[in-house]
Amino acid sequence: NLYQAMTGLNETSSGLLVKILSVPAHVLRVGATITPEFATRNFVRDQYSAFIQTNVGFRPFVDSISSIADILGKSDLYYEWLKSGSSQAGFVELSRPALKKAVEALEGNKGLLRHLNIVTKLKDMSQLLEQATRVGIYKAAKRKGLSSVEAGFEAREGTLDFARKGSQTKDINAVLAFFNAGVQGVDKLVRTIVKDPVG
């Protein structure tokens, strides 16, 4: 069991066929998640999800909208949230460019070419709205007196943690665009009901 857990920490490299078959799924994922309609609908849904799935005093819309200023202004709370690891739970963040961007944000680097790319701009807008909810949950958890690690965990689990996945489903998720999101959505619903059926 320990061996499986340790080897599961490193993602296995996909075969050539999976890489070829994953191109349409990747295009679909990017195309679907950068539209203003998706970003807005996802933001509203996240407010209700976070309110139901957390018990840290999260205030829907209020905490999230106030967190946009923290994200855009790169406040200390924003950097604290980044360092907690909670930022890698979002759907848009789980790509190589987004991970690189997170490292650059922590290092204070600014890229010139990325500001000229319209797809990058749309991804940034979608990411901003997704992060706003998570930073809002983090802020609420800190208000409640939780440590940075505990608050980061609450922020990851407050909506859907897209980084959470099984070791055997990597190739399936690469080919089927929203496979893991569907699995994790059902799993999170069941875990939330088991944890607090009355709430």
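Residues numbered from 1 in each chain as written. Predicted model: local features only at pLDDT ≥ 70, side-chain atom pairs only at ≥ 80, totals over all residues. Heavy atoms only, no water.

### Considering helix 7 (residues 118-143)
Compared with an ideal rise of 1.5 Å per residue, which puts 26 residues at 38 Å, helix 7 spans 37 Å between its outermost C-alpha atoms and is within 8% of the ideal. Looking one or two places after helix 7, you find Gly145, whose phi comes out positive at around 100 degrees. (Helix = DSSP H or I, 4+ residues; strand = E, 2+ residues; numbered from the N terminus. Expected span 1.5 Å × (residues − 1).)

### Let's talk about the packing of aromatic side chains
Applying the stated criterion across every chain, the model contains 4 aromatic pairs. Here Tyr78 and Tyr79 contribute two aromatic rings whose centre-to-centre distance is 5.5 Å and whose plane-to-plane angle is 65 degrees, an arrangement assigned as edge-to-face. For the ring pair Tyr78 and Trp81, a centre distance of 5.9 Å and an interplane angle of 35 degrees mean the geometry is tilted. Residue Tyr78 and its partner Trp81 are both found in helix 5 (residues 76-83); the two are separated by 3 residues, about one turn of the helix. Across the pair, Trp81 and Tyr78 agree in class, each one buried. Taken together, the aromatic side chains of Phe43, Tyr48 and Phe61 make up a single cluster linked through ring pairs. (Phe/Tyr/Trp six-rings, centres within 6.5 Å; stacked < 30°, edge-to-face > 60°. Buried < 20%, exposed > 50% of the residue type's maximum accessible area, 1.4 Å probe, protein only.)

### As for helix 3 (residues 36-53)
The terminal C-alpha atoms of helix 3 lie 25 Å apart, and with 18 residues this matches the ideal 26 Å at 1.5 Å per residue to within 8%. Looking at helix 3, one finds that the buried residues are Phe38, Ala39, Asn42, Phe43, Asp46, Gln47 and Ala50. Along its buried surface, helix 3 packs onto helix 2 (16-33), helix 4 (62-72), helix 7 and helix 8 (148-158). (Contact = heavy atoms within 4.5 Å.)

### Digging into the side chain of Thr133
Within the secondary structure, Thr133 sits in helix 7. Setting aside anything within four residues of it in sequence, one finds Thr133 in contact with Phe43, Asp46, Gln47, Ala50, Phe58, Ser64 and Thr159.

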